[in-house]
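# Structural features, examined
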Amino acid sequence: MSSGVSVSSSVLKRASKERAGYLFILPHFIFFTVFFLIPVIWGVYYSFFNYTLFDFEFWGLKGYAKLLKDRYFWIALRNTFYYTAGIVPLWLIKALIISVLLFPFGTRLQTTYKSMFYLPHVSSLVIISMIWLWIYEPQYGLLNAVMKLLHLPTQIWLGNRFLAMPSIIFMQFVMGGGSTIVLVSAALAGIPPSFVEVARIEGANPVQIFFKILLPSIKPIILYLVVMGTINSFQVFTQVYVLTKGGPQFATTTMVYQIYYRAFENFDLGASLAQSVLMMLILVVFAVIQFKWLGGEVEY
Amino acid sequence: MLWQVGVIALLTVMAVVSLLPLYWMIVTAFSKPALVLQFPPKIVPMPPTIENFVEITKLKNLLRWLANTAIISVSVTGGGVFLASMAGYSLAKKKFPGNRVILWIYIGSMMIPMQVTLVPLYILVQKMKMVDTYWALILPFLGTPWAVFMVKQFMASLPSELIESARIDGCSEWGIYAKIIFPLAIQGLTVLIVITFVTQWNSFLWVLIATNSVEMRNIQAGLSYFQELYPMRYSDIMAASTLAAIPMFIVFFSFQRYFLKGITVGALKG
């Protein structure tokens, strides 16, 4: 008798637990589905349409073909590669140098410096870009003032086809990389001290310790940083919008800037969507390549 | 010993170079406008003045932009963290059919760059007649996947025995969540709160897309508008930038360790 009652009450309890599981996740999942999943699916779906202010008709892969024949698409892709290939390694090198330098010191000091390097991240990209717009100002900006003081020729940093993208990369290099530093630092801290001790006892010098012990030990985090760094850098937009609006002569037009431009200035939604789908595919391919190239035996 | 001093000196130089532009922003903000556009530039404003700040507050929209930003940031943080904490708790502690599937949907979606969603999200917002409203700037961010993931990671480490014993004591599911889980999780949730708040404060591209009227912009998009309107008024632009950045600096210094913790969550196991 009593066992029958307890069995059904535990079944009821389990059912109410499960129902609670659904209920707790439901509100979030609804917002997620409505404002993320559905847009993603729509985005892919509409990318197969000729979707502009005046047209709305299905044309399959024609939109993609048209995009791939557009030389400006390839310019944007090239520029984005340029930016990514510039900033990802530079940030990694900066982070490695700073983390290794910080390594021997106590937590208090490490946190202070890490915070200093992270601070620029907290002010927005808009603000940082505004500051550098001012620094790069040809007549009265700080950088050209320094150039004059050093008797070097002044430049139109953001107006010169060849200097514009390096200027953006330079700005990112100086101000950014804070989170990369924190991650590399944390990874270094995770290396068992005995590794380094043994190497030191066996007479290895710091350079050897760095390349043969430290670097290989933090390979997983470096892989993570390269993959995430590529994905994030590929999406560069704000700096381009504030500093150069894609110019001069499309020298700094990047993928996301062009995706924005096609949709909201040209009103060619179909092309914009096709480009964003292509960008997503490119990033997936990149991630796979990077995993294979750097991954090796890394289990992530 | 000398070696250590040398390293510290080097690190300090690097940190100073990193922060120099921020210092320059403040210098320009406190300099007389006429003295800003000159060569050679003055490294310390002599005499310092607050006239730029006074000038920009006379601007029709500056305070409105700041208010918008505050409204959006607080709403998204409050609502988003609340929803994510419930969802993360559910994924971490509750077993129900389909919870693996849902988890993998969330994880998979984190790989999708948000630009794929921008245009269709705009179309959606348009159909819902929410363009140029606070709703368009708040609602899309209440269901972010990474927030749930972060909460799940954190809550998985909370003791399940506590939940079990509360349940045996007859506590309702909601009671367990509100009285036991939530207070325990506050520490971990603070990371999410701080990161969400700053992300929303600094949001730019979506605001640019979702707003038509200048008054509805947040401070970032407003700054951009101001700069486009008055390209050479750098003393004012820097003053406005300083105003926009200061709240985030305050948040950062108050919650430093939460920021640093937040960066490592998800990247490193445990």
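Analysis parameters
Residues numbered from 1 in each chain as written. Chains lettered and ligands numbered in written order. Predicted model: local features only at pLDDT ≥ 70, side-chain atom pairs only at ≥ 80, totals over all residues. Helix = DSSP H or I, 4+ residues; strand = E, 2+ residues; numbered from the N terminus. Contact = placed C-beta atoms within 7 Å. Core = buried A, V, L, I, M, F, W, Y, C linked by C-beta atoms within 7 Å. Buried ≥ 20, exposed ≤ 12 C-beta atoms within 10 Å, placed from the backbone. Domains from an automatic or database assignment. Nonpolar A, V, L, I, M, F, W, Y, C, P; charged D, E, K, R; others polar. pLDDT = per-residue confidence, 0-100. Expected span 1.5 Å × (residues − 1). Bend = angle between axes of the 7 residues up to and from the residue.

### Some points on the overall build of chain B
Looking only at helices and strands, one finds 14 helices and zero strands in chain B. The principal-axis extent of the C-alpha atoms belonging to chain B is close to 75 × 65 × 30 Å. Taking the intrachain contacts of chain B between residues at least 6 apart in sequence as the baseline, contacts between residues at least 24 apart amount to 74%.

### A closer look at the nonpolar core
Nonpolar side chains tend toward joint burial in soluble globular proteins. Formed by 154 residues in total, the largest nonpolar core has its most connected members in Met130 and Trp132 of chain A together with Ala87, Leu192 and Ala240 of chain B. For this core, the element with the highest residue contribution is helix H10 (residues 173–201) of chain B, accounting for 13 residues. Here this core spans two domains, and each of domain 1 (2–46) and domain 2 (66–295) of chain A adds at least three residues to it. If we skip the residues at most four places from it in the chain, Met130 of chain A touches Val242 of chain A together with Leu223, Gln227, Ile237 and Ser241 of chain B.

### Some remarks on the interface of chain B and chain A
Counting from both sides, the interface comprises 71 residues of chain B and, opposite them, 72 residues of chain A. Among the elements that line the side of chain B that touches chain A, the one with the most residues is helix H1 (residues 2–29) of chain B, at 13 residues. The class makeup of the residues in the side of chain B that touches chain A is 53 nonpolar, 16 polar and two charged.

### A few points about the domain arrangement of chain A
Each assigned domain of chain A is listed with its residue range as follows: domain 1 (2–46) and domain 2 (66–295). A C-alpha centroid distance of 40 Å is found between domain 1 of chain A and domain 2 of chain A.

### Some words on the confidence of the model for chain B
For residues with low pLDDT, the predicted coordinates do not support detailed interpretation. On average, chain B scores 89 in pLDDT, and the residues at 70 or more come to 98%. In the predicted complex, the global pTM is 0.90; the interface-specific ipTM is 0.90.

### Digging into the confidence of the model for chain A
Across chain A, the average pLDDT comes to 89, with 93% of residues at 70 or higher. Looking over chain A, one finds the lowest element-wise mean pLDDT in helix H1 (residues 2–46) of chain A, namely 81, and the highest in helix H7 (residues 164–175) of chain A, namely 96.

### Some points on unusual backbone geometry
Residue and element names in this part refer to chain A. Across the junction of Gly247 and Pro248, the peptide omega takes the value -10 degrees, indicating a cis bond. Mapped onto the secondary structure, Pro248 falls in the loop between helix H12 (238–243) and helix H13 (255–264). A positive phi angle is found at Gln249, which is not glycine, with a value near 50 degrees. As for its position among the elements, Gln249 is in the loop between H12 and H13. A tally of 10 C-beta atoms within 10 Å means that Gln249 is categorised as exposed. A positive phi angle is found at Phe250, which is not glycine, with a value near 65 degrees. Tracing the backbone shows Phe250 in the loop between H12 and H13.

### Quick word on H1 of chain B
Residues and elements named next belong to chain B. With 28 residues, H1 extends 39 Å from end C-alpha to end C-alpha; this agrees with the ideal 40 Å at 1.5 Å per step. Where H1 bends most, at Leu19, the angle is about 40 degrees, and the proline Pro21 comes one to four residues later. For H1, the full list of buried residues reads Leu11, Ser18, Pro21, Leu22, Met25, Thr28 and Ala29.

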